[in-house]
Amino acid sequence: MRAGIMRAMSTLFVSDLHLDPARPDITRLFVDFVAREARGADALYILGDLFESWVGDDDPSEAGALVAASLRALADTGVPVWFMHGNRDFLLGAGYAARAGIQLLADPAVIELYGRRVLLTHGDLLCTDDVEYQAIRVQTRNPAWQAQMLAQPLQARLAFAAQARAASQARQGEMKSAGTMETITDVAPATADAFFDEHGVDTMIHGHTHRPAIHDLPDGRRRIVLGDWYAQGSVLRAYPDGRFELSNLTP
Ligand SMILES: [Mn+2]
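Rules used throughout
Residues numbered from 1 in each chain as written. Predicted model: local features only at pLDDT ≥ 70, side-chain atom pairs only at ≥ 80, totals over all residues. Heavy atoms only, no water. Phe/Tyr/Trp six-rings, centres within 6.5 Å; stacked < 30°, edge-to-face > 60°. Helix = DSSP H or I, 4+ residues; strand = E, 2+ residues; numbered from the N terminus. Buried < 20%, exposed > 50% of the residue type's maximum accessible area, 1.4 Å probe, protein only. Core = buried A, V, L, I, M, F, W, Y, C linked by side-chain atoms within 4.5 Å. Contact = heavy atoms within 4.5 Å. Pairing = 2+ DSSP bridges. Axes fitted to C-alpha atoms, helices over the stretch in contact; angles between N-to-C directions. Right-handed = clockwise from strand over helix to strand, strands pointing away.

Asks: Explain the packing of aromatic side chains here, please?
Replies: Taken as a whole and assessed by the stated rule, the structure comprises 10 aromatic pairs. Both rings, one in Phe13 and one in Tyr45, keep their centres 5.0 Å apart while their planes meet at 10°; by these two values the pair is stacked. Pair noted here: Phe13 is in strand E1 (residues 11-14) and Tyr45 is in strand E2 (residues 43-46), with a separation of 32 residues, a long-range link. Phe13 gets classed as buried once you look at its relative accessible area, which sits at 0%. A connected cluster of aromatic rings, assembled from ring pairs, spans Phe13, Tyr45 and Trp82.

Asks: Is there a simple way to think about the nonpolar core in this case?
Replies: The nonpolar side chains of a soluble globular protein tend to be buried with one another. Among the nonpolar cores identified, the biggest contains 36 residues, and Phe30, Phe33, Leu44, Ile46 and Leu71 are the most heavily contacted of them. Discounting chain neighbours no more than four positions away, the residues touching Phe33 are Leu12, Val14, Ala38, Leu44, Trp229, Val235 and Leu249.

Asks: How do you make sense of the sheet that holds E2 when you look at a structure like this?
Replies: Across a sheet, strands are paired by hydrogen bonds formed along the backbone, either parallel or antiparallel in direction. Here 6 strands make up an open sheet; going across it, the order is E4-E3-E2-E1-E10-E11 and the pairing mixed. Both edges of this open sheet fall to strand E4 (103-105) and strand E11 (244-249), since each of them pairs with a single strand only. Averaged over all pairs of adjacent strands, the angle between strand axes in this sheet comes to 25°, irrespective of strand direction.

Asks: Looking at this structure, how should I read the pairing of E2?
Replies: Along any regular strand, the residues point their side chains to alternate faces of the sheet. What you see with E2 is no split at all: Ala43 and Tyr45 on one side and Leu44 and Ile46 on the other are buried throughout. Crossover handedness for the path E1 to helix H1 (residues 24-35) to E2: right-handed. Here E2 pairs with strand E3 (residues 81-84) via 3 bridges, running parallel. Each residue of the ladder has a partner; that of Tyr45, found in E3, is Trp82. Taking the sense of rotation as the criterion, the β-α-β connection linking E2, helix H2 (residues 62-76) and E3 turns out right-handed.

Asks: Explain the pairing of strand E8 (residues 213-216) to me, please; I cannot follow it from the model alone.
Replies: Strand direction decides the pairing type here: E8 and strand E9 (residues 222-225), joined by 4 bridges, are antiparallel. Residue pairing in the sheet places His215 in a bridge with Arg223 of E9. Between E8 and E9, which pair antiparallel and follow one another directly, the connecting turn spans 5 residues, one of which, Asp219, has a positive phi of 65°.

In structure tokens, the structure reads:
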């Protein structure tokens, strides 16, 4: 820890930054967070959707280059940086991870956090009421599909990503007008229960739904939902004494 900073040690969790050239202030907010607060952390976990879109490690976005340099500088100070794929940046590969000094985590993953077993997941796996999305997820996470996609020229992949985003927005528009958006795109409680049971944990941390909250559930279980970085930042701090603190960062 740098001299003069009286912050308690903590482990930091973020997700759903959706970094995009259209919101350079948010990229700057994240780079500042990495350069300052994260320097004093025990570890930084990025639980998916770091980027709004990622078409392969030759992705030409300026945000990609800035974030790689920023995370690499953090990792070089000895702070471990872990990355789990989201539904926007699932094509982020070993090449970019090496450049950024980050370690890839499978989804879901169980970690040991100050003596407690904690389940980490991006969160889309929990949204099982969205049957149509789950089918798309199975297709796009298939290694053969990904290899075929990555073999396309960059321009074709960028065009595909733009088309996929337009289709996703159209679907969300349909769900909004049908009044099903709120329920279908949220976590299915029975699926969350099954995740707690299957992994033998009482604490779960995820993002994806953009509904930040610390849910205290029956049986002493806790489901923590990270917030998005659309208009502000959102960070979860976990402390060695077992406390969790979820708060916003102002640009
Ligand atoms: Mn997501």
